[in-house]
Amino acid sequence: MGHDDLPALELAFPGPERDRGVAAIVSGRKTALTGLLEIYEHAGEAVPVPGQRFSVLDSEGRPAVTIELVDVRVVPIREIDDDFARAEGRGYSDAAEWRAAHEAFFRSDGVSEYLGHTPVIDDDTLVVAERFRVAEPAAPGGR
């Protein structure tokens, strides 16, 4: 199955944040990602399951790399630990730093506009914590 036959995965919003995330996946630094369960529900999307593959898109909408999920958990945000935070590949030193960055993103104008409101983020807010492996390297012409 090629990149084009897979569901697309877009990190954050197009621009520098997405580009850094894609580069971290391609380099092997990023092996985990987190989504707000409320976003999945709003979009009418099912929570992914282990074994699913996704074509990760760059800021131009081109397939950059294929990942395969190896673990998916829906957990309260308070359960994200230091190991998972570091696996996000963004340079977080611990779960507290990870949480501050994710709370800021989840409350950002882009997410609030998408949801139609600013989500409430507290210890019980459910997130989709995913671990993955690179299944196929960067697509030709991609990253």
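The structure we're discussing is the one just above.
Cut-off values and rules
- Residues numbered from 1 in each chain as written.
- Predicted model: local features only at pLDDT ≥ 70, side-chain atom pairs only at ≥ 80, totals over all residues.
- Heavy atoms only, no water.
- Helix = DSSP H or I, 4+ residues; strand = E, 2+ residues; numbered from the N terminus.
- Expected span 1.5 Å × (residues − 1).
- Contact = heavy atoms within 4.5 Å.
- Phe/Tyr/Trp six-rings, centres within 6.5 Å; stacked < 30°, edge-to-face > 60°.
- Buried < 20%, exposed > 50% of the residue type's maximum accessible area, 1.4 Å probe, protein only.
- Arc of directions from axis to C-beta.
- Polar contact = N/O pair within 3.5 Å; in protein donor to acceptor, adjacent residues only side chain to side chain.

A.B. asks: How would you explain helix α1 (residues 16-27) if you had to name every residue and give the values?
C.D. replies: Taking 1.5 Å of rise per residue, 12 residues should cover 16 Å, and α1 covers 16 Å from first to last C-alpha, within 8% of that figure. If you follow the buried residues of α1, they end up packed against β3 (53-57), β4 (63-76) and β5 (126-136).

A.B. asks: Lay out the packing of aromatic side chains with the relevant residues and their values.
C.D. replies: A complete count under the given rule lists 2 aromatic pairs for this structure. Both rings, one in F13 and one in F105, keep their centres 5.6 Å apart while their planes meet at 45 degrees; by these two values the pair is tilted. With a gap of 92 residues between them, F13 in the loop between β1 (8-9) and α1 and F105 in helix α4 (residues 95-106) connect regions that are remote in the sequence. Chaining the aromatic ring pairs together yields one cluster made of F13, F105 and F106.

A.B. asks: Any details on α4? Residues and values, ideally.
C.D. replies: The end-to-end C-alpha separation of α4 is 16 Å, in line with the 16 Å expected for 12 residues at 1.5 Å each. Looking only at α4, the buried set comprises A95, W98, R99, H102, E103 and F106. Projected down its long axis, α4 carries its buried residues within an arc of 130 degrees, all on one side. Pointing more than 90 degrees away from the buried face of α4 are the exposed residues A96 and A104. Lining the buried residues of α4 we find β2 (32-36), α3 (82-87), α5 (109-115) and β5. The residue sitting at the N-terminus of α4 and contributing the capping side-chain oxygen is D94; that oxygen lies 3.2 Å from the backbone nitrogen of A96.

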